[in-house]
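Each chain, written out:
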Amino acid sequence: KDIINIARWQYQHFTEARQEKTAHKYLLDTYLIIKRIWMLWHARRYEKWIDKALEDTRDCQYLLCAPDIEWKPDDVRENGGEKRLELFDAYKLELERYDLNYSIVNGTGGARIANAVKFVEKFLE
């Protein structure tokens, strides 16, 4: 139930930002792809409106973070080890399934940040 509420909140705020037309390019981190995967993994179903919402982001750029940095467990993250690889593959498949623009951010430390910045700058050109 919380995931659905978060997804609706994100969609509402994204839609409002687009209607304001204060910016013409959008860079998305997580957004509804992660919510859709979580719904499928935990409830074996998802909200069908998410399909159209994701299709409407084909002009946006997604950053997909590669699971190539050391895993440090904490009280929030529950999917370390092999699950990280499964999730990465699932996110990548969803981005491709919806034909969305994405770049994979990899590397460590400053190199990882530089890779992300490079993708953002290219998208904003």
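Now for a quick tour of the structure. From a predicted model like this one, the values you see are computed outputs, not experimental measurements.

If you look at the biggest cluster of nonpolar residues, it comprises 24 residues, and the most contacted ones within it are L32, I33, L54, Y62 and Y91. Among the elements of the structure, α1 (2-20), α2 (31-43), α3 (49-55), β2 (61-65) and α4 (82-97) are those that each provide at least two residues to this core. If one sorts the elements of this core by residue count, α2 sits on top with six residues. I33 has contacts with L54, Y62, Y91, E94, L95, Y98 and L100, leaving out every residue within four places of it along the chain.

Bringing the packing of α2 against α4 into the picture now. Here α2 crosses α4 at 120 degrees, and the two axes come no closer than 10 Å. Relative to α4, α2 is oriented oblique. By crossing handedness, the relation of α2 to α4 is classed as right-handed. From α2, I33, I34, R36, I37, W38 and W41 reach across to α4, where they touch K83, E86, L87, A90, Y91, E94, L95 and R97. Considering only residue class, the contact of α2 with α4 consists of nine nonpolar, no polar and five charged.

Rules used throughout
Every chain's residues receive numbers from 1 upward, in the order its sequence appears when written. Only residues with pLDDT of 70 or above have their local features reported here, since the model is predicted, and side-chain atom pairs are shown and tallied only from 80 upward, although totals for entire chains, interfaces and linings are computed over all residues. Side-chain measures here rest on the full set of heavy atoms in the structure, leaving out hydrogens and waters. Throughout, nonpolar core names a set of buried Ala, Val, Leu, Ile, Met, Phe, Trp, Tyr and Cys residues whose side chains join them through atoms within 4.5 Å. Exposed residues in this analysis have more than 50% of their type's maximum accessible area, buried residues have under 20%, and partly exposed residues fall in between, with area computed by a 1.4 Å probe over protein chains only. We count a stretch as a helix when DSSP gives it H or I for four or more residues in a row; a strand needs E for two or more, and each element gets its number in order from the N terminus. Working rule for contacts: check all heavy atoms of both residues, and any pair within 4.5 Å makes them a contact. A fitted line through C-alpha atoms represents every axis, and for helices the fit uses only the stretch in contact; the resulting angles, taken between N-to-C directions, go from 0 to 180 degrees. In this scheme, roughly parallel covers angles under 35 degrees and roughly antiparallel covers those over 145, while 65 to 115 is roughly perpendicular and the rest are oblique. A crossing counts as left-handed when the near helix is turned anticlockwise from the far one by less than a right angle, and as right-handed when that turn is clockwise. Ten residue types, Ala, Val, Leu, Ile, Met, Phe, Trp, Tyr, Cys and Pro, are classed as nonpolar, four, Asp, Glu, Lys and Arg, as charged, and the remainder, Gly among them, as polar.

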